[in-house]
Amino acid sequence: MSSDQFQTGRLTQFRELLERSDAALVLTAMAAFYLLFFVVGTILNYDIAGLISVLGQVTFFTAVYALIVLALNLHWGYAGLFNIGIAGFMAVGVYTMAMLTAPPTGSPPGLGLPVAVGIVGGMFAAALVGLVTALPALRLRADYLAIVTVAISEIIRLTYNSPAFSTFTLPGGITLGTGGASGIGDFPSNPLRAIYYVDPSSAASETTPIGTAIFGFFESVFGVVRSAVIVELTYGLVLAVIVFLVYTLLARVGNSPFGRVLKAIREDEVVAKSLGKDTNRFKIKTFMLGCALMGLAGVLWQGFGTGAVYPQAFRPQLTFYIFIAVIIGGAGSNTGSILGGAVFANLLFLLPQYLPNIIEQTVSIQAEPNNFVAAIGPIVAGEIAPLLGYMLNQRLPALRFVFVGVLLVYLVQNRPEGLLGHRTETAAAVNLNRGHTGSDLTGPEGGVDDE
Amino acid sequence: MSSGSAVDSVDEDPAGDTAGEPPLRVENLRKEFGGITAVDGASFEVADESLTGLIGPNGAGKSTTFNCITGVQEPTDGAVYFNGTDIAGLAPNAIATRGLVRTFQIARELAEMTVLENLMLAPQRQQGEALYRSVLPPFRNGVVEEETELREAVWESLEFFEIDHLAEEQAGNLSGGQRKLLELARALMTDPDMLLLDEPFAGVNPTLEAKLLDRINQLRAEEGLTFLLVEHDMDIIMEHCDPVIVMHQGQLLAEGRPEAIRTNERVVDAYFGEQQ
């Protein structure tokens, strides 16, 4: 009994730690996801390289989703800007990067500029397209921004898809192109590979001294021989650092007079105006910053992560995935955005990809039926096998939407504020609490975030 | 506010204090909504440092007049001079930064922001409203410093309005009267030259109401603020406002000292004739 009490005590302590520390919360969630996918990999009898690859994927998708959910949270959670053209702004970012950096001799040809120029250029272009979108739309009511952004997103995708721009010549005689429906695959690979390989474009090239050391370490400890999964894992970790930097940037934006005005715009724009705030300027700046970050996310995900850019990757469903992640995390909370991104990436995006294999490994079952009604119907009679069979039958994208739908219905009914949306993150550069006398920073009430 | 010294002064209208020019002069103001004329050629002045009352039966056009003066709605025709400049048709924020600030008839608190945040929002021209200053390390210190100063002013204001115990409450959780107080406190935090108050005392208890009226008179005398007040409580109007402007069916019906208004036959007809 006393050990029970001890355990409950520890549990309460842990819960309090999670309430207090965002870092602990995020790290705990990540630990849980790593464990989950470690188990998944073990069930599927992966070797160590395979396990590292799975965990690398967890890191990568968590990071890219977190990044883009953070950007959307700036738009929607903070300023109430209903941007449903996320996929389009990501596309502008990564396409610009690819077109700037692809070699002039490539197919399609590019400008052959350094990667750094490509990244900055991609963000800049996304911000610029954001500006062009926002200028007319922000003067109108919020719903119009939604309509305009979803339209612009599709226009962007179809433009990149169009054969007309597959290759084209600028007035100055420079030829470049979008590659049309097949996109661009011929642009510099992930710059991180330069850490490992003397020739970053080839995994077979000589390794650098650092590369030799790290590969040697993995070989001696895990017995993994010079595998690309190590590079992937490193990239995931670098992305995690970038997420942290963007989080810090956005936390600063939020905890400032600027963020306060954004919150006011979200709540009641007329009031913000009546208090002398030029709300259009705030909205445009915010929209451009968010779009630049979406462009960056595109570069880091489809650009250096996937290594190839094609229009199909930027269909509107990508935008809806991001919105679902923001709803899961709780609009308005940056930490919630990271958690929402992590939950979506791991449980709704990655896990369904492994489910068929897991089912195959654990239950012996036929891959049928092939329609949803036949799969769901027998559940009434207590038979789950047809549903599992249906999952096996390569119907996962459809199933993912079912999961997402069920989750959305549950969230909207039971927890509309998301995981962390209930928290008030005070928009000020200082702790606004104080003692009623004197200017002591620590007032008698202490914390600010309860009630 | 006397305590608002942390806030940069907004007095920079070169045309201000022109001899004899009243802070607010409305000329032939018209506002039509489709076929309905809500304000039909109203002209009046508000004298410097006065507490002018604006009354009239429901639908007289008082709130529309407020909206047209403060830019929330664009007048169909006419001119609004504030400190000598025509501000008709300017954006509400451009008018507010000139020092003409309003409150709303139905309090518009920022519901999902705390009371503290609501007030911290109000001061004009905060350094940290520039994105780069809020984000970049070299400027961030200045922002923090300014926030610390503003915080002092905000807490003093909260104490004066007796809502300091609600400081960290979400504004949406406040009662109707508390919201009115919050809105008045917020408007004052902008350090205005002139305030347009739309029924500021609705739902405020009599003790606090008296205190607020004292404060208004103090701000007039010590800081030269001017007030234009829409109010349905005739006792407040007759006791505290001078002069009183009466609107009826979008037009000016009468203007003068409260005693004169009280006995003005047209006013009595418009008001009590309609009500009985």
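Enquirer: Go over the overall build of chain A with me, naming the residues and quoting the values.
Expert: A tally of helices and strands in chain A yields 17 helices and two strands. Expected size for 451 residues packed as a compact globule is a radius of gyration near 22 Å; at 24 Å, chain A falls within 12% of this value. Seen through its principal axes, chain A has C-alpha atoms that stretch 75 × 70 × 55 Å. Within chain A, buried positions represent 44% of all 451 residues. Of the contacts made within chain A by residues no fewer than 6 positions apart, 69% connect residues no fewer than 24 positions apart.

Enquirer: With reference to specific residues and values, describe the sheet that holds strand 2 (residues 36-46) of chain B.
Expert: Residue and element names in this part refer to chain B. The strand order across the open sheet formed by four strands is 2-1-4-5, and the pairing between neighbours is antiparallel. A single partner strand is all that each edge strand has here, and the edge strands are strand 2 and strand 5 (85-86). Pairing analysis gives two bridges linking strand 4 (residues 77-82) to strand 5, with the strands arranged antiparallel. Within strand 5, the residue paired with Phe82 across the bridge is Thr85.

Enquirer: How would you sum up the packing of helix 4 (residues 86-101) of chain A against helix 6 (residues 142-161) of chain A? Please name residues and give values.
Expert: Residue and element names in this part refer to chain A. One can describe the packing of helix 4 onto helix 6 by two numbers: an axis separation of 7 Å at closest approach and a directional angle of 40°. Considering the relative orientation of helix 4 and helix 6, their crossing is left-handed. Contacts between helix 4 and helix 6 involve Ala87, Gly88, Ala91, Val92 and Tyr95 on the former and, on the latter, Ile152, Ser153, Ile156, Arg157 and Tyr160. Its residues assigned to classes, the contact of helix 4 with helix 6 shows seven nonpolar, two polar and one charged.

Enquirer: Any chance you could break down the confidence of the model for chain B for me, citing the residues and the numbers?
Expert: Predicted coordinates in areas of low pLDDT are best not read in detail. Residues and elements named next belong to chain B. When pLDDT is averaged along chain B, the result is 89, and 92% of the positions lie at 70 or above. Contacts from residues 1-17, a stretch scored under 50 in pLDDT, to residues over four places away or in other chains number 37 contacts. Interface confidence for the predicted complex, given as ipTM, is 0.88, next to a pTM of 0.88.

Enquirer: Requested: an account of the sheet that holds strand 7 (residues 194-198) of chain B, with residues and values cited.
Expert: Residue and element names in this part refer to chain B. Strands sit in the order 6-7-8-3-9-10 across an open sheet of six strands; the sheet is mixed. Edge strands, defined here as strands with exactly one partner in the open sheet, are strand 6 (100-102) and strand 10 (251-256). When strand polarity is set aside, the average angle formed by the axes of neighbouring strands in this sheet is 20°. Note that strand 3 (residues 51-55) and strand 8 (residues 226-230) share four bridges and pair parallel. Bridge pairing links Leu51 to Phe227 in strand 8. On top of the sheet, helix 1 (residues 62-70) reaches strand 3, strand 6, strand 7, strand 8 and strand 9 (244-248); it is set at about 150° to strand 7, its chief contact.

Enquirer: Just give me the short version of unusual backbone geometry, but keep the residues and values in it.
Expert: In this model, Ser107 of chain A is joined to Pro108 of chain A through a cis peptide bond whose omega is -5°. Position of Pro108 of chain A relative to the elements: it lies in the loop between helix 4 and helix 5 (115-137). At the junction of Asp242 of chain B and Pro243 of chain B, the peptide bond is cis and its omega measures out at 0° in the coordinates. A positive phi is found at Asn28 of chain B, a non-glycine position, where the angle reads about 55°. With respect to the helices and strands, Asn28 of chain B occurs in strand 1 (residues 24-33). Phi is positive for Gln249 of chain B, which is not a glycine, with a value near 50°. With respect to the helices, strands and loops of the structure, Gln249 of chain B is situated in the loop between strand 9 and strand 10.

Enquirer: How would you summarise the environment of Ile242 of chain A if you had to cite specific residues and measurements?
Expert: All names here are of chain A. Inspection of the secondary structure puts Ile242 in helix 9 (residues 228-254). Taking the C-alpha atoms as reference, Ile242 lies 9.9 Å from Leu300; in sequence the two are 58 residues apart. Not counting the four nearest positions on each side in its chain, Ile242 is found in contact with Leu67 and Leu300.

Enquirer: Can you explain the interface of chain B and chain A? Please cite residues and give values.
Expert: Accessible area lost on assembly of the parts is the figure often given for the size of an interface. In this complex, chain B contributes 38 residues to the contact, which on the side of chain A involves 35 residues. Going through the elements one at a time, helix 2 (92-97), helix 3 (115-121), helix 4 (131-135) and helix 5 (137-160) of chain B are the ones with two or more residues in the side of chain B that touches chain A. For the side of chain B that touches chain A, the element with the highest residue contribution is helix 5 of chain B, accounting for eight residues. By residue class, the composition of the side of chain B that touches chain A is 16 nonpolar, ten polar and twelve charged.

Enquirer: Pulling in residues and values, what's your account of the pairing of strand 3 of chain B?
Expert: Residue and element names in this part refer to chain B. Burial analysis of strand 3 places five of its five residues in the buried class, which makes it a mostly covered element. Alternating positions in strand 3 separate into two faces, Leu51, Gly53 and Ile55 on one and Thr52 and Leu54 on the other, with burial throughout. As judged from the three bridges shared by strand 3 and strand 9, these two strands associate in the parallel manner. Considered in strand 9, the bridge of Gly53 is made with Val244.

Definitions and limits used
- Residues numbered from 1 in each chain as written.
- Chains lettered and ligands numbered in written order.
- Predicted model: local features only at pLDDT ≥ 70, side-chain atom pairs only at ≥ 80, totals over all residues.
- Helix = DSSP H or I, 4+ residues; strand = E, 2+ residues; numbered from the N terminus.
- Rg over C-alpha atoms; globule rule 2.2 N^0.38 Å.
- Buried ≥ 20, exposed ≤ 12 C-beta atoms within 10 Å, placed from the backbone.
- Contact = placed C-beta atoms within 7 Å.
- Pairing = 2+ DSSP bridges.
- Axes fitted to C-alpha atoms, helices over the stretch in contact; angles between N-to-C directions.
- Left-handed = near helix turned anticlockwise from the far one by under 90°.
- Nonpolar A, V, L, I, M, F, W, Y, C, P; charged D, E, K, R; others polar.
- pLDDT = per-residue confidence, 0-100.

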